[in-house]
Amino acid sequence: MSPTEAVPPHRDGESSTGNNLPSSEVAASAVPDHCSSAVALLFLRLGEPTRRRCNSLGRRHHFRSSPEPVLPSVQRSGARLVGALVLAGLASMAVLPHGSSSHEAAAAAPEPVSGWTHVLAQTAAVGPQLNASSEAMPGASSAIAAYEAWRAEEATASRPTGVKDEPWDTIDACVLDEMQALGTTGASIAVLRQGELAYTMGYGLKRADGDEPPDAETLFRIGSTTKMMTAAALLQQVEAGKVDLDAPVTDLLPNVAIAGAWDESNIDASDITGRHLLTHTGAFLDNLIAAATLEAMQGPTGPLALATWTDSLADHTLHAPPGEFWNYSNPNFSLAGRMVEVATGRLFSDVIVDDVWRPAGMTLSTMVPADAIAHGNYSHGHGIVSAMTGAVVPPVAPDGYEHLPLGPAGMAFSTPTEMVRWAKLLMSGGGDVLSRESVDAMQGEQVGLGVIPGQWYGFGVFVEDVRGIRVYEHGGNVPGWSSQLYWIPEQEFAVSILANGFDSLSRSAGCTIVNVIEDLEPPTNRDWSTAPATWDRYAGDYRGLVRNGVELAARVDRVTDTLRIVLIDGLGPGRNYTTTLQQAALDTFLIDLNSDGQPDTDLSFIDHPQREGEIRWLRNRAFVLARRSAPAPTPSATTPPPAPTSTIAAPAASATPALVIQPEACPQVEARVPAPALASALANPRAVRGYGDRCFPSQPASPFNPLRDRLSLQNPNRPYHPIYNVLIFACGCR
């Protein structure tokens, strides 16, 4: 039996239970007490009795009788034809062990480290939540390609192929299969077709240990999809004459200060504008949260939290001068949210509800976890890791964590139907929320992403030309939840897929686009590679900042037809990490940070703003480095190239572990350990358990797997005891 046969739809005038419903009503599906083997495997994987999970599989709404349009009519807009390359999550891949899921990686990732040890491990800890492809890069082209690859490899006679005028069974099959692949507990989808809400469906469960399926009114956290609503709230203040996007933010926020920009000491907060914030060109380090853990997401919650965070930026150094290049970073939109507060004299959480969502007809969307709980129909977050134990915690309710400074960047709750309602408002010109001019600016080509042509960022919106159609989009990923929203004005189409797991159902979004959109052009295989002979311009010494504010140095060289990067002290003091770079497209390369021979994340070389062709920056979401020296001469062709996979600089020959230089104590430890014991451990670190060990002995040493170099307590929740609670070396502060 196919996955969709496990959830037959109710259609107007039909009832698989024998109870006919009036044709004017939307009927809920009856779910049989058995499932296909694929769905059963999904349920067993999630640890639930198969029969009970199958019986609560989903709730589908099917609109068949020409219902009243839920929103005003939609104007069509033209599309541009630009070849699109599938980058498979390029420029935003999480730094994860190859083949691991986000929650598995988060469980394995070392805790955040302050100081230099080793800062790329923070990329691993934060990466699963902040480097998701659905959130930090446009995803329509890769989502479509993922679906078509799955269809070519997996589609069989038992799996519906779908037809253009009735694609819902195919979409169900896509969602169920991807949920099984990702271990997703529950999801909900809404599709707008030809300007009308055509389809909604809930799959799985709101929480793994419950028995309620999600539906069209179930609230999920939507992560960074929030950003476009924050942009709308600020643009309302532009329309009101209270904000000038091209004026310094200090005109509105005089208390904002920064500590300059890396390699540009003359930069101050007056160089940052609202336009920089809404286009991710503000050059802020993406450091609002320290890690993707339950504890890290529990940030400040008082009414002055956003204001306090804004006034605390004086020690924050920018990656680069504002406006130099696009680089995704949450603080941009948090600062934009504070501008909204000051311009209106009200809390951001009130403004976005009263001035943006309610006029848009979005009656359930909220920033406040208590409001989501009061609604009653909400999903729990799954796969969230505790920093204290390293284990996945039980399902987390909406009030399980809150972080108000992060709110404008990605903490909202909504439903898939309200998400497509929002998309339709933008397609129709802004309705009662925004002027047409503001909507056009949001969806405009404000800044190129610097990867391939045909990809831009507007104001909180990704813009991408895909197969002859212009697609607008934004994803969102926060611990426990994910969001996908795509809309195509010329087709009056939108799709929202929300899930209660971190991993986005991107392939299912691609499946929906392909099976609903009428005139997608065939894929084009554009070759964006460049000749290795041109790569000398990338060579040189680089230095800059990682997202936690510490310095990182690197050396890039071309060896025959291979580009190689050396991360200085990448494994520990005096232990470099060397790996090759694999070209993805034009000036963007992929790097292996965990020694498994597979790329983990990206690096993009960025030209000097005044000197085209001269490389100035090496960009990644977690770190940005400035080139400090001219390119080195190309090594002789007789020089043997490095291995095609990562290599590790050999440590000094010694039977003892590599020396940990200047070990530090965690701040939490200092108050619990007698000063003599702490001083003794710092003076003789070799006598402390764990000295010099890798964080994960079963994995090779790599920037993802650094050395244990921070003094902690065996049980960080209890006072020091020389026998029962001793000092140990850990991978980070606990």
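For clarity, every value in this text was computed on a predicted model and none was experimentally measured.

1. Notes on the overall build of the protein chain
From N to C terminus, the protein chain includes 19 helices and 23 strands. Intrachain contacts of the protein chain at a sequence separation of at least 6 include 70% that bridge at least 24 residues. As displayed, the protein chain has an accessible area near 26400 Å², and 50% of this comes from carbon and sulfur atoms.

2. Quick word on the sheet that holds strand E22 (residues 710-713)
If you trace the three strands from one edge of the open sheet to the other, you get E21-E22-E23, paired in mixed fashion. Each having just a single partner strand, strand E21 (664-665) and strand E23 (727-730) make up the two edges of the open sheet. Sheet topology note: the E21/E22 ladder contains two bridges and is parallel. Residue pairing in the sheet places Ala-665 in a bridge with Leu-711 of E22.

3. Quick word on the confidence of the model for the protein chain
Averaged over the protein chain, the pLDDT score is 78; the fraction of residues at 70 or greater is 75%. Per-residue pLDDT stays below 50 along residues 156-164; that stretch engages in 21 contacts with residues further than four places along the chain or on separate chains.

4. A word on the environment of Pro-489
You can see Pro-489 is positioned in the loop between strand E10 (481-488) and strand E11 (493-499). Overall, Pro-489 belongs to the buried group, its relative accessible area being 4%.

5. Section: the nonpolar core
Met-229, Trp-357, Tyr-401, Trp-422, Met-442 and Trp-487 are the most contacted members of the largest nonpolar core, which totals 101 residues. Excluding its chain neighbours within four sequence positions, the residues that come into contact with Trp-487 are Met-228, Ala-423, Leu-426, Met-427, Gln-443, Val-461, Arg-470, Val-471, Tyr-472, Glu-473, Phe-493 and Ala-494.

6. Remarks on the packing of aromatic side chains
Scanning the model with the defined rule gives 16 aromatic pairs in all. Arranged with centres 5.7 Å apart and planes meeting at 55 degrees, the rings of Phe-325 and Trp-617 form a pair that is tilted. Taken together, the residues span a long stretch of sequence, with Phe-325 in the loop between helix H10 (305-310) and helix H11 (330-344) and Trp-617 in strand E18 (residues 615-619) at a distance of 292 residues. Accessibility assignment for this pair places Phe-325 and Trp-617 in one class, buried. Relative to Phe-605, the ring of Tyr-542 has its centre 6.2 Å away and its plane inclined at 65 degrees; by these criteria the two rings are edge-to-face. Separated by 63 residues along the polypeptide, Tyr-542 in strand E12 (residues 540-546) and Phe-605 in strand E17 (residues 601-607) bring together distant segments of the chain. Note on accessibility: Tyr-542 and Phe-605 belong to one class, buried. One aromatic cluster in this structure is built from Trp-535, Tyr-538, Tyr-542, Phe-589 and Phe-605. The cationic tip of Arg-221 hangs over the ring face of Trp-481; the distance from NZ or CZ to the ring centre is 5.7 Å.

7. Considering helix H8 (residues 226-239)
Relative to the 20 Å expected for 14 residues at 1.5 Å per residue, H8 spans 20 Å between its end C-alpha atoms, a close match to the ideal helical length. Most of H8 sits out of view: twelve of its 14 residues are buried. Those residues of H8 lying buried are Thr-226, Lys-227, Met-228, Met-229, Thr-230, Ala-231, Ala-232, Ala-233, Leu-234, Leu-235, Gln-236 and Gln-237. Where H8 terminates, the next one or two residues include Gly-241, which has phi positive at roughly 80 degrees.

8. Details of the side chain of Asp-600
Within the secondary structure layout, Asp-600 lies in the loop between strand E16 (588-591) and E17. At 2.3 Å, the side chain of Asp-600 and the backbone nitrogen of Leu-593 are in polar contact.

9. Side note on the state of the cysteines
Here the structure, examined in full by the defined rule, presents one disulfide. Each sulfur in the disulfide pair Cys-174 and Cys-511 lies 2.2 Å from the other. With the S-S bond torsion at 70 degrees, the cross-link from Cys-174 to Cys-511 turns out right-handed. Of this pair, Cys-174 sits in helix H7 (residues 168-182) while Cys-511 is found in helix H17 (residues 506-516), placing the two residues 337 residues apart along the sequence.

10. Side note on the pairing of strand E2 (residues 186-193)
In terms of residue burial, E2 counts as a mostly covered element, since seven of its eight residues are buried. By the bridge criterion, eight bridges tie E2 to strand E3 (residues 196-204) in an arrangement that is antiparallel. Residue pairing in the sheet places Ser-188 in a bridge with Gly-202 of E3. Taking the residues that link successive antiparallel strands as the turn, the E2-E3 hairpin has two residues, and the phi of Gln-194 there is positive, at about 55 degrees.

11. Here's the deal with unusual backbone geometry
The phi torsion of most residues other than glycine is negative, and most of the peptide bonds are trans. Unusually for a residue other than glycine, Ala-283 sits at a positive phi of about 65 degrees. By the element assignment, Ala-283 lies in the loop between helix H9 (274-278) and H10. Residue Ala-283 is classed as buried on the basis of its relative accessible area of 13%. In this structure, Leu-586 is a non-glycine residue whose phi angle is positive, near 50 degrees. Here Leu-586 shows up in the loop between strand E15 (575-585) and E16.

12. Regarding the packing of H8 against H11
Axis separation between H8 and H11 bottoms out at 9 Å; the angle between their running directions is 35 degrees. Pair H8 / H11 crosses with left-handed handedness. Here H8 contributes Lys-227, Thr-230, Ala-231, Ala-233, Leu-234 and Gln-237 to the contact with H11, which in turn contributes Asn-330, Phe-333, Ala-336, Gly-337, Met-339, Val-340, Ala-343 and Thr-344. Of the residues that constitute the contact of H8 with H11, the class distribution is eight nonpolar, five polar and one charged.

The rules behind each value
Residues numbered from 1 in each chain as written. Predicted model: local features only at pLDDT ≥ 70, side-chain atom pairs only at ≥ 80, totals over all residues. Heavy atoms only, no water. Helix = DSSP H or I, 4+ residues; strand = E, 2+ residues; numbered from the N terminus. Contact = heavy atoms within 4.5 Å. Areas by Shrake-Rupley, 256 points an atom, 1.4 Å probe, with all protein chains shown as cover. Pairing = 2+ DSSP bridges. pLDDT = per-residue confidence, 0-100. Buried < 20%, exposed > 50% of the residue type's maximum accessible area, 1.4 Å probe, protein only. Core = buried A, V, L, I, M, F, W, Y, C linked by side-chain atoms within 4.5 Å. Phe/Tyr/Trp six-rings, centres within 6.5 Å; stacked < 30°, edge-to-face > 60°. Lys NZ or Arg CZ within 6 Å of the ring centre and 35° of its normal. Expected span 1.5 Å × (residues − 1). Polar contact = N/O pair within 3.5 Å; in protein donor to acceptor, adjacent residues only side chain to side chain. Disulfide = S-S within 2.5 Å. Axes fitted to C-alpha atoms, helices over the stretch in contact; angles between N-to-C directions. Left-handed = near helix turned anticlockwise from the far one by under 90°. Nonpolar A, V, L, I, M, F, W, Y, C, P; charged D, E, K, R; others polar.

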